[in-house]
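# Working through the structure, step by step
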Amino acid sequence: MTRAAPDALSIERIQPTSPMLIDWYQTMRAAYLDGNEAMWWESFAQLQYSVTRPHPRSRRSLFGAVRARQCVGALEVTWRVDRRTEPAQVELAVAPGAQGRGVGRELAAYARAFARDQGCNVLQAEVFVPGAQELQGWRPGRFLLQQGFVVGNVEDRCVLDLPWQGLPQEGPPHDGVQLLSWVGACPGRYEVEWTALQQQMEEDVPVGTLTRGDTGVDIAQMREQECRMLDQGWLLLQSMALRGERPVGFTELMVDRNDPRIAVQESTLVDRAARGRGIGRSLKVSNLQQLALLPAELQIGMQHVQTYTAQQNGPMQRLNEQFGFRRVGTMHDAELLISPAH
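Presented here is an overview of the structure given in this document. Predicted model only: the values in this text are computed from it and were never measured.

### Concerning the packing of aromatic side chains
According to the stated counting rule, one finds 11 aromatic pairs in the structure shown. Seen in terms of ring centroids, Phe-63 and Phe-114 are 4.9 Å apart; in terms of plane orientation they differ by 65°. Their pairing is edge-to-face. Of the two residues, Phe-63 is situated in strand 3 (residues 58-67) and Phe-114 in helix 3 (residues 103-117); the sequence distance between them amounts to 51 residues. Side by side, Phe-63 and Phe-114 carry an identical accessibility label, which is buried. Between Trp-182 and Trp-194 the ring centres are 5.2 Å apart and the planes differ by 65°, which places this aromatic pair in the edge-to-face class. Of this pair, Trp-182 sits in strand 8 (residues 177-183) while Trp-194 sits in helix 5 (residues 191-204); the two residues are 12 residues apart in sequence, bridging distant segments of the chain.

Put into structure tokens, the structure is as follows:
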């Protein structure tokens with residue numbers, strides 16, 4: 001499907017084998033990283049993997065705004081093929097030299113129409129604002145609001161400079177809690193416990209007023225996602241806390257072999273009944289210690305660990321500060337209800 005605008009702008013689907021894929025990637029990456037310190041963005045190798053090996057339950061469609069055979073804007077829409085009423089995720093970027101000429105509006109209108117055609121009625125998007133700026137003071141933020149998106153959740157983006165210097169006190173948790181750590185796939189003997197923690201995280205993660213997507217996680221889905229990430233080139237550093245036979249916490253840290261400069265601190269969860277005992281701190285310490293033991297060729301390139309924490313999550317905010325994380329910006333999650341076609 002191609003849509004031409006009066007100013008000779010066309011919106012074209014970017015196929016996995018298209019020579020324009022690299023231009024699309026560079027346009028999207030440059031726009032999102034602009035002004036944002038130490039921000040992770042997927043490598044081109046990871047993009048190629050995801051578009052050439054589609055997820056069995058979701059689709060990731062790429063579109064380029066093209067003028068004079070140049071990609072001046074990039075759009076991505078990701079939606080569930082098995083649950084089309086779930087929110088579709090959208091990312092949109094306009095090349096600096098093409099801004100202010102209606103390219104963004106064309107892409108946004110296209111995104112709404114495309115998602116509607118897939119049966120989706122909610123669009124969700126993220127805007128990354130650098131430093132202490134307000135959403136309205138950042139051009140992409142103003143555009144988001146002008147398009148009718150409503151912000152439902154705000155998270156602080158924080159980075160930890162490497163090498164990590166450690167904590168003054170790194171003692172293990174008490175009350176008979178056992179820590180288990182590994183790099184790579186979850187050991188088979190713990191897949192039930194690990195999946196249960198993943199499920200709990202999906203249910204507990206703060207989303208503010210946003211529409212929450214499917215929270216179901218089973219062992220098969222966990223293994224499927226794990227396999228895809230390993231194939232993409234991720235190193236998975238994982239730690240889990242058990243009290244007796246019961247899982248009470250976990251944390252994940254990921255390193256992209258293709259571009260190890262910024263390690264990604266993913267989910268950290270401690271069961272409500274087990275909080276206040278130092279479990280979260282010990283889990284994070286364990287993973288950072290694993291990070292320091294990775295091969296030297298990866299260590300040389302590592303500069304930061306990045307994480308996101310909901311602004312209302314006071315305990316995790318304070319814990320991150322103890323580790324040395326510093327706030328470098330905010331992420332604003334927003335959504336838009338799509339009007340049905342007439």
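Read on, since the account is not over.
### Details of helix 2 (residues 44-52)
Buried within helix 2 we find Gln-46, Leu-47, Tyr-49, Ser-50 and Val-51. Along its buried surface, helix 2 packs onto helix 1 (21-33), strand 3, helix 6 (219-232), strand 9 (234-243) and strand 10 (246-256).

### With respect to the pattern of salt bridges
A complete count under the given rule lists 11 salt bridges for this structure. For Glu-224, the salt bridge goes to Arg-57, with nearest N and O atoms at 2.4 Å. Taken together, the positions of Glu-224 in helix 6 and Arg-57 in the loop between helix 2 and strand 3 put the pair 167 residues apart, joining distant regions of the chain. Overall, Glu-224 belongs to the partly exposed group, its relative accessible area being 24%. Overall, the relative accessible area of 22% leaves Arg-57 in the partly exposed class. Residues Arg-60 and Glu-76 are paired through a salt bridge, measuring 3.0 Å at the closest nitrogen-oxygen approach.

### Focus on the layout of surface pockets
Considering only enclosed or pocket space, the second largest pocket measures out at about 870 Å³ in volume. Leu-92, Val-94, Arg-139, Pro-140 and Phe-143 are, among the 37 residues lining the second largest pocket, the residues nearest its centre. When the residues that make up the lining of the second largest pocket are grouped by side-chain class, the tally is 21 nonpolar, eight polar and eight charged.

### Describing the environment of Leu-180
Considering the arrangement of structural elements, one finds Leu-180 in strand 8. Judged by its relative accessible area of 12%, Leu-180 is buried. Here the alpha-carbon distance between Leu-180 and Ser-239, two residues 59 residues apart in the chain, equals 5.5 Å. When sequence neighbours within four positions are dropped, the list of residues in contact with Leu-180 reads Tyr-190, Gln-238, Ser-239, Met-240 and Leu-242.

The rules behind these values
- Residues numbered from 1 in each chain as written.
- Predicted model: local features only at pLDDT ≥ 70, side-chain atom pairs only at ≥ 80, totals over all residues.
- Heavy atoms only, no water.
- Phe/Tyr/Trp six-rings, centres within 6.5 Å; stacked < 30°, edge-to-face > 60°.
- Helix = DSSP H or I, 4+ residues; strand = E, 2+ residues; numbered from the N terminus.
- Buried < 20%, exposed > 50% of the residue type's maximum accessible area, 1.4 Å probe, protein only.
- Contact = heavy atoms within 4.5 Å.
- Salt bridge = Lys/Arg side-chain N within 4 Å of Asp/Glu carboxyl O.
- 1 Å grid on protein atoms, 1.4 Å probe; cavity = no way out; pocket = protein on both sides within 12 Å on 5 of 7 lines; lining within 4 Å.
- Points joined across faces, edges and corners; volume = space filled by probe spheres on them.
- Nonpolar A, V, L, I, M, F, W, Y, C, P; charged D, E, K, R; others polar.

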